[in-house]
Each structure stands twice: as C-alpha cells, then as structure tokens.
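Report on the structure
Residues per chain, in single letters:
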Amino acid sequence: MDQIATGGTRRKRKLILAIFIGCCLLSVIRIVRDAPGPSRIQLDDVAKRSDQRFAAVKLVLPGRGIIGYVGENGESSLPDYYLTQYALAPLVVDRSIQHKFVVGNFPSLQVPSSLPGLRKVEDFGNGVVLLSNEDAR
Amino acid sequence: MWLIVAVILCVVLGYLVVEPASSGARGGIAALFYSCLALCFGIGMFSVVFLLARALNIVHVFKADLMAVTLLTTLRLVARRRRKLNLDPDQTSNSDLPKPLRLLLIAAFAISICVAAYALAVRAIAHPHGDGWDAFAIWNLHARFLFLGEMHWRDGFSSLLPWSHPDYPPLLPGAIAHLWTYLDSDAPAVPVALGLGFTAATAAFLYASIAIRRGHDSAMLGTVTLLSTPFFIEQGAAQYADIPLAFFFLATIALLNLGWSRGSRRLLVLAGLAAGFAAWTKNEGLLLLLSAIIGQGLSLLLEKPSVGPRNLRRLAASCAGAAPLLVLIAWYKQFLAPPGDLFASPTSMVAKLTTFSRYWIVLQWYGKEFLRFGGWWIVPLTVALPVLYFVFPHGQSEEHRMALRASIWTLGLTVMGYFAIYVITPNELYWHLRFSLNRLFLAAWPSVLFLFFSCVSFRSADKVSN
C-alpha cells in the first residue's frame, strides 16, 4: 500500500539526492585527475615499439606466411613479442626458431653476436635483426 | 571521401535494420533512441558484411555493401507497414524536482558530459593504439589480419597464436577492417573513433531509454551516474570490446523491457538482434543471448497470467531477432575460429565444479569488485544506489512488472553464468578474476543503471511504497 510522503520525508529525499549527485561529482574529479594532462601526453609508445621499429625489416619479409621469433628474456619479453606480431601482421610470428626466417628483437640489450642454430642475415639497427635457420624446413 | 561513403553506408545499414521497429515513433527522445541503435547496429552489420564478403571472396567491399543495402531495402519494401509504435514517455515519467535540486542535477549532467568528453579525447590522443595489451594483442591485431591479409585473411586464425584468442567473435575487428578497406590504410584513428562512438552511444542510449520510462530528470541522473564511473571512461578510450559489449547488453535489456511493457513484438525482435550482436562482439555475449531467452521463459512461467499465445509470440519474436546472428556465429565457430580453451577438458571441469573453495574465492572477488570495479572516488556508487532505492518510491504497474522481471532474470542469469565460468576456468583462477571480472561488471553496469532508474521514481508527488 502506498502512502503520501510527509514534509520530513521530502526534505530527507532532497538531501539524499543532493548527496548522491555530490558523490558522482567526486568521481568526476577523479576522472579529471587520472586523465593525462595535455602537457604530459607523450609520443605513442606502441607505435614506437612496434610499427616504427619493424618498418625496415617488414620491407624485406614476404607478405604472408610464418616466421620465427627470438627475443630477450625477462618481464618485457611477452609484450615485446606481441608488439612484433602486431607490427608484422599479416605475417604469423611464431615464438620459435624452427622456421627458415627468424626475427630477432632485442630492444634493451646488444644484439647477441651469435645465436645457436641461427645465422645473421641483416641487422636493421635498434635491436631488430633478421636471422635464418638453415636446419628448418 | 571514401571514409564519408563508408560512414554513410554503415549508418544506412543500421537504419534499415532498425527502421521497421521505429515507424511512427516521434519526438527527440525517440530520435535519439533509434539513432544510437542505428549507429551501433550499423557497425555490427558492417562487420557481418565484411566477414561474409571475405568468406565469399568478394574483393570490393563497396559492392558487398551495396548488395546488403539493396537486400535490406527490398525486404523493407516487401514487408507490410505495421501500426505505429508509441515511444512517448510513460505518464508516470514527469518529474517535479524542486528547482535548486534540478539546477544541481543539470549542472552535474553538463559537467559530467564535458569531463567525459575531455578525458576521452586526451586518453585517445595519448594512446592512439589503445590503452592496454588487449587492444594491440587481440582486437586491432585481428583487424590487421582481416584487412592486410586480403585473400589470406584466415591466417589470423592460426593455432600458433593462441594468446591472441583467435576464437573471439569479430564484430570489432570486422568493422575496423571494413573501414580501413575504404581508407586503404590501417589508420589508428578508426579504432579510436569506433571506441569513442560506442562510448558516446552507450551514454546517449541510456539517457534515451530511461527518459522513455521515467522522464528527463531520471535520465540525467542515470547518465551522470554512468559518466562519473572512471572505469567506464578509461575503457571508452582503451579500444577493447567491453564498451561495445556494454552497449549491446544495454540495448538488449532496454529493448526487452520496453518491448514487454508496451507489447511491441518489433522491439522484441530488436532485443533479440541486440543480444545477437552482443554474442558477435564477445563470447560473454553468448551467455547474455542464452540468458535472455531463458529469462523471458522463466518470467512467463512465474507470472500470472502466464504462458498464453500472445506472450509466446512475444518470446518467439525475440528468438527470431537473434536467429540470423546465431546462425552466423555457429558458422564462424564451426568453420573459421579455432576451438576456445574454456571447455577443452571436461574431466578437469568436473573436478573444479566439485572444489568448493573455488566458489568461495569467486564469491569473495564478486564482493570486492562490486565495491571497486568502477574506480569511484571515496564513495562507490554501487553502495549509494541501494540507499536511493530504499529512500525513494519504486512502484511498478502490472505490465512493467512483467517487463522488469524478464530483464532482471536476463541480467541475473548472465551474472550467474559468469560465476560458473570462473569456477570451471582452465586459466589460473586469481589471474582470470584479476584481469577480467571488473570488465565483466562494467559490461553489465549501464544495464543495471537502466533497470535501477526505470524502477525508482524521483517525483516529489512522493508516494512511498511499502
């Protein structure tokens, strides 16, 4: 059964609704605070770590097929690999050296002078190197 | 130039899908309601046309688009015109908030829109390839395979790339690749624009659908609540598929609700279609689709007067809306996408189902995320909403009660389905919960807001329901 609200109830409701709107506005402040300020916007990290780094090697690789991948160990190894695949698509980049061509990706280290089972074909600088595996089919 | 043509074709496709359900609906709110649907259904149609064109070896997507437009136009002309649909706000939807409170609400509405627009813009500029791994490791990568792979587009489904989840449905990648084809370039601006478009459409559609049910004040309040959810804004520029999924969840729930309460089978067909597009966006959408059918069936069985021919026809209408996309998804899963990892090991699934500590872990995470998934500052709005519920009246008319029950069952079953998926997940449980539960809650959040603000009345004519 419904009943008409009293003056006290009305006042209470107004107050609660105003508080609710205030709570929403508090979170709006957080949205502003978390947004990167225009002066803090930096160059796009993904493009720097993928498309730009692999632009040169992409030119000499076939347009499609599967190539291998070798990279650094450590925390950044997985995103490095994902970013390589992103840059080289529609080539499929398999995280294995059992392919005729293998892309080496060493963004923070010196490119190793020799990698077991692999022969350096071309060094594109910036930690990107094209290798070949003569034993792969 | 070609980009403009593509955008026009996308909206026209959406309009042709939505138009049969909108004939006769007039007014600004109805226009906003159907425009949001036309835009997002158009994006969905764009991905469907692209995938079909690729599968049928149609090289020029413009031809495929023209064929789709011609087909839908012909169907529209052949179908007989039906009686007009009334989408005027309900009579109970007029608001009479006191002037100072209304001014505060309008100011909060304006501030939240401006802040959301600003935050989305700077986030999009700062992260043109998306904010987070999933953007470049899943969604935009799939789009690149579809676009750059040309006739070898199937390479993206390679089993050598299980981490990129090649089994995920292709609504977002397909639409991005379709637009890239017109541009002849994989410009990052396209996924950015789609992400922002879906975010804006979700907020606008929430406004329109609450306004139809409860008037402008409730609609403003609901929209302020959504736009002051920091995680919603963050995800809006992230280029993940969770905001598109949130839109289709909301569209399903709102259309189900309006369809049942106004007895419109045309809206229920659109509800089925929206659930189909949700399933075409992410695997989680399949759960929504299933829940929508079961939820409507359950609410019919529990309601009096219950299953009659009229109600069965309504249920059939929503199933009919979902059917074309369900067929498409079955084709996609059967012939294109590799099998997913979720149901790969039935023995392990059974073992996990009988491990009760897993239920407790998932329950704890549900509790934690309920309070924090939105990233709110100081006061979680999931705590503030129940306070409003108990303070303000929330009566429903008979036809709205049935509609509400169907919507709540749908959403409730979906959330329970997520729970079961976590219990049987083949992934490490904590890892899976940590990296996905907040986004699942976010996908349901606009729908929850619609249901909440459709129930609660902010009129100060002030009846208190006991």
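Residues numbered from 1 in each chain as written. Chains lettered and ligands numbered in written order. Predicted model: local features only at pLDDT ≥ 70, side-chain atom pairs only at ≥ 80, totals over all residues.

**Observations concerning the packing of helix α7 (residues 189-214) of chain B against helix α8 (residues 216-227) of chain B**
Residue and element names in this part refer to chain B.
- Axis separation between α7 and α8 bottoms out at 7 Å; the angle between their running directions is 150°. The orientation of α7 with respect to α8, classified from their angle, is roughly antiparallel. As for the relative orientation of α7 and α8, their crossing is right-handed in sense. For the pair α7 and α8, the contacting residues are A203, L206, Y207, I210, A211 and R214 in the first and H216, S218, A219, G222, T223, L226 and L227 in the second.
- Here the contact of α7 with α8 is built from residues that sort into eight nonpolar, four polar and one charged. (Axes fitted to C-alpha atoms, helices over the stretch in contact; angles between N-to-C directions. Helix = DSSP H or I, 4+ residues; strand = E, 2+ residues; numbered from the N terminus. Parallel < 35°, antiparallel > 145°, perpendicular 65-115°, else oblique. Left-handed = near helix turned anticlockwise from the far one by under 90°. Contact = placed C-beta atoms within 7 Å. Nonpolar A, V, L, I, M, F, W, Y, C, P; charged D, E, K, R; others polar.)

**Notes on the domain arrangement of chain A**
- For chain A, the assigned domains read domain 1 (7-40) and domain 2 (45-132).
- The centre of domain 1 of chain A, based on its C-alpha atoms, is set 49 Å off from the matching centre of domain 2 of chain A. (Domains from an automatic or database assignment.)

**Observations concerning the interface of chain A and chain B**
- Residue-level contacts link 44 residues of chain A with 53 residues of chain B.
- Breaking the side of chain A that touches chain B down by element, the ones donating at least two residues are β1 (2-4), α1 (7-34), α2 (45-49), α4 (77-88) and β3 (92-94) of chain A.
- No other element matches α1(A), which puts 21 residues into the side of chain A that touches chain B.
- Each residue belonging to the side of chain A that touches chain B can be placed in one class, and the counts come to 30 nonpolar, four polar and 10 charged.

**As for the confidence of the model for chain A**
- Averaged over chain A, the pLDDT score is 87; the fraction of residues at 70 or greater is 94%.
- Mean pLDDT values for the elements of chain A range from 51 in β1(A) up to 95 in β3(A). (pLDDT = per-residue confidence, 0-100.)

**Concerning helix α13 (residues 309-336) of chain B**
All names here are of chain B.
- Counted at 1.5 Å a residue, the expected span for α13 with its 28 residues is 40 Å, and the 39 Å between its end C-alpha atoms agrees.
- The largest bend in α13 amounts to roughly 40° and is located at A323, with the proline P324 lying one to four residues further along.
- Looking at α13, one finds that the buried residues are R314, L315, S318, G321, A322, L325 and I329.
- Buried residues in α13 make contact with α10 (242-261), α11 (265-281) and α12 (283-302). (Expected span 1.5 Å × (residues − 1). Bend = angle between axes of the 7 residues up to and from the residue. Buried ≥ 20, exposed ≤ 12 C-beta atoms within 10 Å, placed from the backbone.)

**Brief notes about the environment of A406(B)**
All names here are of chain B.
- One can find A406 in helix α17 (residues 398-424).
- Its 29 C-beta neighbours within 10 Å are what place A406 among the buried residues.
- The spatial distance from the C-alpha of A406 to the C-alpha of L3 is 40 Å, given a sequence separation of 403 residues.
- Once you skip the residues sitting within four places of it in the chain, A406 turns out to touch L256, W260, G295, Q296 and S299.

**So, the sheet that holds strand β2 (residues 66-71) of chain A**
Residues and elements named next belong to chain A.
- With mixed pairing, five strands are arranged side by side in an open sheet as β3-β2-β4-β6-β5. A single partner strand is all that each edge strand has here, and the edge strands are β3 and β5 (119-125). Each adjacent strand pair in this sheet contributes to an overall mean axis angle of 30°, direction not counted.
- Note: β2 against β3, three bridges, orientation parallel. When the bridges of β3 are listed, I67 appears paired with V93. (Pairing = 2+ DSSP bridges.)

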